[in-house]
Amino acid sequence: MNMEGEEKALKLYFIPYLAPGHMIPLCDIATLFASRRQHVTIITTPSNAQILRKSIPLNQHLLLQTVPFPSREVGLPDGVESLSSATSPDNLAKIYQATTLLRPPIQHFVEKHPPDCIVADFLFPWVDELANKLRIPRLAFNGFSLFAICAIESVKAHSLYEYSSFVIPGLPHSISMNATPPKIMSELLEALLETVFKSNGLIVNSFAELDGEEYIKHYEETTGHKAWHLGPASLIRRTVQEKSERGERSVVSMHECLSWLDSKRVNSVLYICFGSLCHFEDKQLYEISCAVEASGQEFVWVVPEKKGKEDESGEEKEKWLAKGFEERNIEKNKGLIIRGWAPQVMILSHPAVGAFMTHCGWNSTVEAVSVGVPMITWPVHGEQFYNEKLITQVRGIGVEVGAGEWSMMGFGEREKIVSRESIEKAVRRLMDGGDEAQKIRRSALEFGDKAKLAVQEGGSSHKNITVLIDELIRLRDRKLLE
Ligand code: UDP
């Protein structure tokens, strides 16, 4: 019987947080464990389960368990069960509050049917207590790069919360920051990370070569904690259909999107998307539309759906799109605007896409890296400013748009607008085919190759998951002997 045989299979529970940037990668990682014939159950709420049923391959190794979402308790309409459904900061706070109320039903289920190990998002820190009570190992996940965690810890150690520009001390590279991390956000992340460090290990949706051995060593030495690079998670999706069904239901059909991209030259299209939680104000969108048009670049631009507004009048549109933009660009087939959820991994994987303007959410970043697409970086909140520096200063696979305002969240008014000139300049830098652009593109392609190798048999992530499964089996068997 080999180590991954049925008799030895582990019973694993995955508890993803209710936001696409957390849910999508952790469920792909759960699928990865199930593909190694472990018995995996994902615990989530009804409307998230509905999305998952259409986007992951459920079978005897991969099951879903639902717990009720406390909509009424917090005053939310039925079906609003993810941070990406929030339409305002108030709404966002209610969804966050609701997730804190999930503890009793999840705990009840886990205690009644204890697994061999729990893999939970760090936004459920109470899982630590539950795992200790059941005397089972717990693995943490937060969807960050290890580089970002090293940066957060270093900023904490040196209390660097008051400077608008500073160099992060003590890291393997000299990293220059051009924005101030909000103190409240940093303190929240630091507290959550303290619980991560108490777990049996951190699962990272990346591959060792992207964070780099130097950061893995730095992390292990400074925190005394073990990180497991098991990604890129998106590479588990092999067919065009699997890629297009990842996450929420797309507002464009796979065929429509594909035939548009198929009509374009290799590397000619700029893909613009700021993840699932960033909402720019109209005046910022307007600057983007002017910059894209001025650059002359063909594009796919994902703009979050305006909730509650079914049909946008011409007047409404002119608040965020330059006058005549649609006639000049969309009708002439120069660009595609996707208003709502886009099949991002499918788009990024298409050879026509030559650059990605991104908010540097870690999933978006690692998805672009996996397919060798260089980035135009525009961080907004969370740990995105650190990811930007990994992309531009450390790995040389992108250029910065020059965002300097570190927001508390994706919503709300911003003091600074990134000008159309800065945006156009960054687009041209990466798309003009000059020496710098070619060098960046070459590096991006190299990392794309490394990503694909990492998940193949013999690759770093492939080996890591084998070792991790063996380690968890060893822990379980040792407990059985006690
Ligand atoms: N995503 C997508 N279509 C969209 C918006 C987002 O498929 O229209 C996916 C994207 O591929 C990624 C996730 O949603 O997997 C967003 O995660 P990320 O960490 O990039 O950013 P966040 O949304 O957490 O800020």
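Our structure is the block above this text.
Below is a short write-up of the structure. (Residues numbered from 1 in each chain as written. Predicted model: local features only at pLDDT ≥ 70, side-chain atom pairs only at ≥ 80, totals over all residues. Heavy atoms only, no water.)

### What to know about the packing of aromatic side chains
Per the stated rule, a full pass over the model turns up 16 aromatic pairs. Look at phenylalanine 122 and phenylalanine 144: their rings are 5.6 Å apart centre to centre, the planes differ by 70°, and that puts the pair in the edge-to-face class. One end of the pair, phenylalanine 122, is in the loop between strand S4 (117–121) and helix H6 (127–134); the other, phenylalanine 144, is in the loop between strand S5 (138–141) and helix H7 (146–157), and 22 residues separate them in sequence. When the ring of phenylalanine 124 is compared with that of tryptophan 126, the centres are 5.9 Å apart and the planes differ by 65°; the resulting orientation is edge-to-face. In terms of burial, phenylalanine 124 and tryptophan 126 fall into one category: buried. Taken together, Phe299, Trp301, Trp320 and Phe325 form an aromatic cluster joined through their ring pairs. (Phe/Tyr/Trp six-rings, centres within 6.5 Å; stacked < 30°, edge-to-face > 60°. Helix = DSSP H or I, 4+ residues; strand = E, 2+ residues; numbered from the N terminus. Buried < 20%, exposed > 50% of the residue type's maximum accessible area, 1.4 Å probe, protein only.)

### Section: the sheet that holds strand S14 (residues 375–377)
Pairing in this open sheet of six strands is parallel, and the strands run S12-S11-S10-S13-S14-S15 from one edge to the other. The open sheet has two edge strands, strand S12 (335–339) and strand S15 (398–400), and neither has a second partner. The average angle at which neighbouring strand axes cross in this sheet is 15°, direction not considered. Judged from the five bridges that link them, strand S11 (residues 298–303) and S12 form a sheet pairing that is parallel. Residue pairing across strands places valine 302 opposite isoleucine 338, the latter belonging to S12. This element, helix H13 (residues 282–295), spans strand S10 (269–273) and S11 of the sheet and lies at about 170° to S11. (Pairing = 2+ DSSP bridges. Axes fitted to C-alpha atoms, helices over the stretch in contact; angles between N-to-C directions. Contact = heavy atoms within 4.5 Å.)

### So, the site of the ligand
Close to the ligand lie 18 residues, the nearest being Ser276, Ala342, Asn363, Ser364 and Glu367. Here an oxygen atom of the ligand sits 2.8 Å away from a polar atom, N or O, in the side chain of asparagine 363. In the environment of the ligand, an oxygen atom lies 2.5 Å from a nitrogen or oxygen atom belonging to the side chain of glutamate 367. Here the ligand has 530 Å² of accessible area as a free molecule, and 94% of this is covered by the chains. Every element with two or more residues in the shell around the ligand is listed here: helix H1 (20–35) and helix H17 (362–370). Looking at the shell around the ligand, the element that brings in the most residues is H17, giving four residues. Among the residues making up the shell around the ligand, the classes are represented as seven nonpolar, nine polar and two charged. (Near = heavy atom within 4 Å. Polar contact = N/O pair within 3.5 Å; in protein donor to acceptor, adjacent residues only side chain to side chain. Areas by Shrake-Rupley, 256 points an atom, 1.4 Å probe, with all protein chains shown as cover. Nonpolar A, V, L, I, M, F, W, Y, C, P; charged D, E, K, R; others polar.)

### What to know about the sheet that holds strand S8 (residues 201–204)
Overall, parallel pairing links the seven strands, which are arranged S3-S2-S1-S4-S5-S8-S9 in an open sheet. Looking at the sheet topology across the chains shown, the edges are occupied by strand S3 (62–66) and strand S9 (227–229). For this sheet, the mean angle separating the axes of adjacent strands, direction not counted, is 25°. Inspection of the sheet shows strand S1 (residues 11–15) paired to S4 by four bridges, in the parallel sense. Within S4, the residue paired with tyrosine 13 across the bridge is isoleucine 118. In this fold helix H21 (residues 460–481) packs onto S1, S4, S5, S8 and S9, with an angle of close to 135° to the strand it touches most, S9.

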